[in-house]
Amino acid sequence: SNHYDIAQDKGELVLHRFILLAPALGDLRHTLFSVVHSFELYPTAINGNQYNCLNEKSFVLALAEILQSKETKSIIQSMISQSKA
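Residues numbered from 1 in each chain as written. Predicted model: local features only at pLDDT ≥ 70, side-chain atom pairs only at ≥ 80, totals over all residues. Heavy atoms only, no water.

(A) Representation of the packing of aromatic side chains within the structure. Tallying each qualifying case throughout the model produces two aromatic pairs. On the basis of an interplanar angle of 0 degrees and a centroid distance of 5.2 Å, the ring pair of Phe-18 and Phe-33 is categorised as stacked. Linking Phe-18 in strand S2 (residues 14–22) with Phe-33 in strand S3 (residues 28–37), this pair joins segments that are 15 residues apart in sequence. The residues Phe-18 and Phe-33 share a single accessibility class, namely buried. With 6.4 Å between their ring centres and 70 degrees between their planes, Tyr-42 and Phe-59 make a pair best called edge-to-face. Taken together, the positions of Tyr-42 in the loop between S3 and strand S4 (44–46) and Phe-59 in helix H1 (residues 56–67) put the pair 17 residues apart, joining distant regions of the chain. Tyr-42 gets classed as partly exposed once you look at its relative accessible area, which sits at 27%. (Phe/Tyr/Trp six-rings, centres within 6.5 Å; stacked < 30°, edge-to-face > 60°. Helix = DSSP H or I, 4+ residues; strand = E, 2+ residues; numbered from the N terminus. Buried < 20%, exposed > 50% of the residue type's maximum accessible area, 1.4 Å probe, protein only.)

Listed below in structure tokens is the structure:
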């Protein structure tokens, strides 16, 4: 399952974390990516400054790249395999 965590810091920024959770592994968590923005949605930074999105289109493209990456697939497959062991 996944979790979505939202926190606000003192600088008027909003932080979102997309967290993978493996209950079968003692609630092992892995933050897949994080998104930071002001109360205006754009510009948005994903994973620090790995992606700087100026609009919805660039944001969606960045998320697609992250979610379809070999690293993401490897992390998910590893968590599934370990959960079945």
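(B) Broad picture of helix H2 (residues 70–84). When the terminal C-alpha atoms of H2 are compared, their 21 Å separation across 15 residues agrees well with the 21 Å that a helix rising 1.5 Å per residue should span. Taken residue by residue, H2 has Thr-72, Ile-75 and Met-79 as its buried positions. What you see down the axis of H2 is that its buried residues fit within an arc of 65 degrees, all on one side. The outward face of H2, more than 90 degrees from its buried face, is lined by the exposed residues Lys-70, Lys-73 and Lys-84. (Expected span 1.5 Å × (residues − 1). Arc of directions from axis to C-beta.)

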